[in-house]
Amino acid sequence: MKLSHLSLIACLFASGAALALSTDTQQPVYIDSDSQQLDMKSNRVTFIGDVKLKQGSINISADKLIVIRNPQNGKIEKIEGYGNLTTFSQLTDEGKTLYGEAKQLHYAMAEDELTMIEQAMLSQDDSQIRGNKIRYKISSQKLIADSQGSGRVSTVLQPQAAQQE
């Protein structure tokens, strides 16, 4: 397994700091789908069919979405998305869009960590990174991308001057 570790996402995206919109986690979560199934014992709600989630500037689209809540306080702990390509987007405090896609998406709310698995891609502006698995710690802007087997992690960095135009 080949591993690429970038301690600062700013190195990847070369456009300065890009903290996720700080008010997103304080917003209500809206979910639309073709159907939903609630399992009260496991505190899981499964949404199926053209699922759209919105929380502040966060948008997730998936074929299937599972929301896992904390049994004590009812807070959302995890959101898992599955699909041909599940997508994630979020605005930063600087007004830039962070966009990700993969066949599986795991968003741990308390840890503020997004994990994308299989055909994973994360981009901001015109810069992007692709690999089999990408883990992105949103608040601290730390990213780890790795490939599978003989695959490679692929990165495209756009010149600073081109981004400022």
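Residues numbered from 1 in each chain as written. Predicted model: local features only at pLDDT ≥ 70, side-chain atom pairs only at ≥ 80, totals over all residues. Heavy atoms only, no water.

### Here's the deal with the overall build of the protein chain
- Helices and strands together make up the secondary structure of the protein chain, namely two helices and eleven strands.
- Reading the helices (α) and strands (β) of the protein chain from amino to carboxyl end gives β-α-β-β-β-β-β-β-β-β-β-β-α.
- With the model as given, the accessible surface of the protein chain reaches about 8,900 Å², and the carbon-plus-sulfur share is 48%. (Helix = DSSP H or I, 4+ residues; strand = E, 2+ residues; numbered from the N terminus. Areas by Shrake-Rupley, 256 points an atom, 1.4 Å probe, with all protein chains shown as cover.)

### So, the environment of L114
- Mapped onto the secondary structure, L114 falls in strand β8 (residues 113–124).
- Judged by its relative accessible area of 0%, L114 is buried.
- Through-space distance from the C-alpha of L114 to that of I79 is 9.5 Å; in sequence the pair is 35 residues apart.
- Residues within four places of L114 in sequence aside, it is in contact with F88, L105, H106, Y107, I134, R135, Y136 and I138. (Buried < 20%, exposed > 50% of the residue type's maximum accessible area, 1.4 Å probe, protein only. Contact = heavy atoms within 4.5 Å.)

### Structural notes on the nonpolar core
- The biggest cluster of nonpolar side chains holds 27 residues, and the ones touching the most others in it are I60, L65, I79, Y107, M116, L122 and I134.
- Breaking this core down by element, the ones donating at least two residues are β4 (44–55), β5 (58–69), β6 (76–91), β7 (97–108), β8, β9 (127–137) and β10 (142–146).
- Sort the elements by how many residues they give to this core and β5 lands first, with five residues. (Core = buried A, V, L, I, M, F, W, Y, C linked by side-chain atoms within 4.5 Å.)

### Overview of the confidence of the model for the protein chain
- For the protein chain, mean pLDDT is 81; residues scoring 70 or higher make up 82% of the total.
- Confidence over residues 1–19 falls short of pLDDT 50; this stretch has 63 contacts with residues more than four positions distant or in other chains. (pLDDT = per-residue confidence, 0-100.)

### Looking at unusual backbone geometry
- Here the phi dihedral of D50 falls at roughly 45 degrees; this positive angle occurs in a residue that is not glycine.
- Looking at the secondary structure, you find D50 in strand β4.

### Quick notes on the pattern of salt bridges
- In this structure the tally under the stated criterion is two salt bridges.
- Across the pair D50 and K52 runs a salt bridge, and its minimum N-O distance is 3.2 Å.
- Taking the relative accessible area as the measure of exposure, K52 reaches 39% and is therefore partly exposed.
- As a salt-bridge pair, K96 and D125 come within 3.5 Å of each other at their nearest N and O atoms. Linking K96 in the loop between β6 and β7 with D125 in the loop between β8 and β9, this pair joins segments that are 29 residues apart in sequence. (Salt bridge = Lys/Arg side-chain N within 4 Å of Asp/Glu carboxyl O.)

### Notes on the side chain of D112
- Position of D112 relative to the elements: it lies in the loop between β7 and β8.
- No salt bridge is formed by the buried D112; the nearest opposite charge belongs to K137, separated by 6.7 Å.
- Discounting residues that sit within four places of it in the chain, D112 has contacts with Y107, Y136, K137, I138 and S139. (Lys, Arg positive; Asp, Glu negative; His and termini not counted.)

### Some words on the packing of aromatic side chains
- Enumeration over the complete set of coordinates arrives at one aromatic pair.
- Between F88 and Y107 the ring centres are 5.8 Å apart and the planes differ by 65 degrees, which places this aromatic pair in the edge-to-face class. One end of the pair, F88, is in strand β6; the other, Y107, is in strand β7, with 19 residues separating them in the sequence. As far as the burial class goes, F88 and Y107 line up, both buried. (Phe/Tyr/Trp six-rings, centres within 6.5 Å; stacked < 30°, edge-to-face > 60°.)

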